[in-house]
Amino acid sequence: MTIDRRQLIVDAATKSFSLFGYKATTMDQVAKLANVGKGTIYTFFKNKEELFDDIIKTMLHDMKEVAERAFNKQNSFRENANQVLFDLLEFRKSHQLTIKLFQEEREIGTQAAVEVVQRVETVIIHYMKGIIQEAIDRGEIEPCDPEITAFIMLKLYVALIFDWERSHKPLDKEEISKLFELYLFNGLSK
């Protein structure tokens, strides 16, 4: 049985970044966790940044798969928008690496963490932009700028899921969905 040393290194690095964040992870830690010599890491990756980027690309790919599984062509735009955003944010909320990186971005402002947060948001906005454009093309929603609308939808979800929970009881999926309907689809006017 051959050991995939590259995968051992990636798994160890993912664990280290998830536990300690980008800034505090060292190649020595990764080597120790992977049970390989530090030089072995450099046969696969030039530096910590390249290793980190490889892990982030995999994470973003996983996020896209979550979005694609959440999308159902039989559902309305409203149902799909809610489900896709909810599933993506649940992924972000339950995925140890994203939790640590968002925390590091917020508390320390490490440039690598800031860039990952931006990449995650860009992936979500890009995916939602496509769903919004399709809904506009079908006449299901009013014409609008799909990118701005995707941004607003994402930020509303983030506010309801993460920001609200900082000082209030967490909202369940149905409450979030109702608020999403009220503020984005129905509006406050009678």
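Look a little higher up for the structure.
Residues numbered from 1 in each chain as written. Predicted model: local features only at pLDDT ≥ 70, side-chain atom pairs only at ≥ 80, totals over all residues. Heavy atoms only, no water.

A.B. asks: It is not clear to me how the packing of helix H1 (residues 5-24) against helix H4 (residues 48-70) should be interpreted in this structure. Could you clarify?
C.D. replies: Interhelical geometry of H1 versus H4 gives an angle of 95° and a closest axis separation of 10 Å. Comparing their axes, H4 and H1 come out roughly perpendicular. Between H1, through Arg 6, Ile 9, Val 10, Ala 13, Thr 14, Phe 17, Tyr 22 and Lys 23, and H4, the contact on the second element is made entirely by Lys 48, Glu 49, Leu 51, Phe 52, Asp 54 and Ile 55. Broken down by class, the residue content of the contact of H1 with H4 amounts to 8 nonpolar, 1 polar and 5 charged. (Axes fitted to C-alpha atoms, helices over the stretch in contact; angles between N-to-C directions. Helix = DSSP H or I, 4+ residues; strand = E, 2+ residues; numbered from the N terminus. Parallel < 35°, antiparallel > 145°, perpendicular 65-115°, else oblique. Contact = heavy atoms within 4.5 Å. Nonpolar A, V, L, I, M, F, W, Y, C, P; charged D, E, K, R; others polar.)

A.B. asks: Help me understand the nonpolar core in this model?
C.D. replies: Considering soluble globular proteins, one finds that nonpolar side chains tend to be buried as a cluster. Counting residues in hydrophobic clusters, the biggest one holds 61 residues, and the most contacted among them are Leu 51, Phe 77, Met 128 and Met 153. Elements represented by at least two residues in this core include exactly H1, helix H2 (27-34), H4, helix H5 (77-94), helix H6 (96-107), helix H7 (111-137), helix H8 (146-163) and helix H9 (173-186). With 13 residues, the top contributor of residues to this core is H7. Contact partners of Leu 51, with chain neighbours within four places excluded, come to Ile 9, Val 10, Ala 13, Met 27, Val 30 and Phe 45. (Core = buried A, V, L, I, M, F, W, Y, C linked by side-chain atoms within 4.5 Å. Buried < 20%, exposed > 50% of the residue type's maximum accessible area, 1.4 Å probe, protein only.)

A.B. asks: What am I meant to see in the pattern of salt bridges here?
C.D. replies: Pairs may arise between side chains of opposite charge once their charged atoms sit close together. Under the counting rule described, the total for this entry stands at 10 salt bridges. Notably, a salt bridge pairs Asp 54 with Arg 6, separated by 3.1 Å at the nearest N-O pair. With Asp 54 in helix H4 and Arg 6 in helix H1, the pair connects residues that are 48 residues apart, well separated along the chain. Here Arg 78 and Glu 181 are joined by a salt bridge, their closest N and O atoms 2.9 Å apart. One end of the pair, Arg 78, is in helix H5; the other, Glu 181, is in helix H9, and 103 residues separate them in sequence. Take Arg 78: its relative accessible area is 33%, and that puts it in the partly exposed class. (Salt bridge = Lys/Arg side-chain N within 4 Å of Asp/Glu carboxyl O.)

A.B. asks: Any chance you could explain the packing of aromatic side chains here in plain terms?
C.D. replies: The relation between two aromatic rings is expressed through the spacing of the ring centres and the mutual angle of the planes. Throughout the structure, instances matching the rule amount to 6 aromatic pairs. Ring geometry for Phe 17 against Tyr 22: centres 5.8 Å apart, planes inclined by 10°, an arrangement best described as stacked. Since its relative accessible area comes to 9%, Tyr 22 is described here as buried. Among the aromatic residues, ring-to-ring pairing joins Phe 77, Tyr 157, Phe 180 and Phe 185 into one connected group. Between the NZ or CZ atom of Lys 48 and the centre of the ring of Tyr 22, over which it lies, the distance is 4.3 Å. (Phe/Tyr/Trp six-rings, centres within 6.5 Å; stacked < 30°, edge-to-face > 60°. Lys NZ or Arg CZ within 6 Å of the ring centre and 35° of its normal.)

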